[in-house]
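Notes for the structure review
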Amino acid sequence: MWNNPEAWLAIGVSVGFVIAGVVMHRVFVNVLKNEPPLGARNESLESEKKAQS
């Protein structure tokens, strides 16, 4: 098995997908933890006020 190049290719692709998933997860978590920019925050507050009245 360890001398089979196709097995190493499959293992490499699998490891690549796992690393890509971990990186994307960290990026999504960081984006969702950060507050929106001040301008976008004000716009959303104004739209909520309009919806309530």
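Scroll up for the structure.
In this text the structure is predicted, and so the values were computed from the model without any measurement. Positions within a chain are numbered from 1, following the residues in the order the chain's sequence is written. Thresholds applied to this predicted model are a pLDDT of at least 70 for local features of residues and 80 or more for the giving and counting of side-chain atom pairs; totals over whole chains, interfaces and linings are not thresholded and use all residues. Each side-chain value is worked out from all heavy atoms of the structure, with water and hydrogens disregarded.

Considering the overall build of the chain
Helix numbers and strand numbers start at the N terminus; a helix is a DSSP run of H or I with at least 4 residues, a strand a run of E with at least 2. Along the backbone of the chain there are two helices and zero strands. Computed by Shrake-Rupley with a 1.4 Å probe, the accessible areas treat only the displayed protein chains as cover when residues are assessed. About 5,100 Å² of surface is accessible on the chain, with carbon and sulfur atoms providing 66% of the total.

Some thoughts on a nonpolar patch on the surface
Among the surface-exposed residues, Trp2, Trp8, Ile11, Val15, Ile19, Val23, Met24, Val27, Phe28 and Val31 lie close enough to one another that they form a single nonpolar patch of about 1,000 Å² accessible area. Within the secondary structure, Val23 sits in helix α1 (residues 5-33). Assessed through its relative accessible area of 47%, Val23 is described here as partly exposed. Residues enter patches when their relative accessible area tops 30% and they take part in no salt bridge; the joining distance is 9 Å for like charges and 5 Å for the nonpolar side chains Val, Leu, Ile, Met, Phe, Trp and Tyr. We count a salt bridge whenever a side-chain nitrogen from Lys or Arg sits within 4 Å of a carboxyl oxygen from Asp or Glu. Exposure is judged per residue with a 1.4 Å probe applied to protein chains only, and the accessible area is read against the type maximum: over 50% gives exposed, under 20% gives buried, and values in between give partly exposed.

So, the environment of Asn34
Looking at the secondary structure, you find Asn34 in the loop between α1 and α2 (38-52). Any N or O atom pair separated by 3.5 Å or less is treated as a polar contact, with the protein-specific requirement of one donor-capable and one acceptor-capable atom, and with residues adjacent in sequence counted only for side-chain atom pairs. A polar contact is formed between the side chain of Asn34 and the backbone oxygen of Asn30, at a distance of 3.1 Å.

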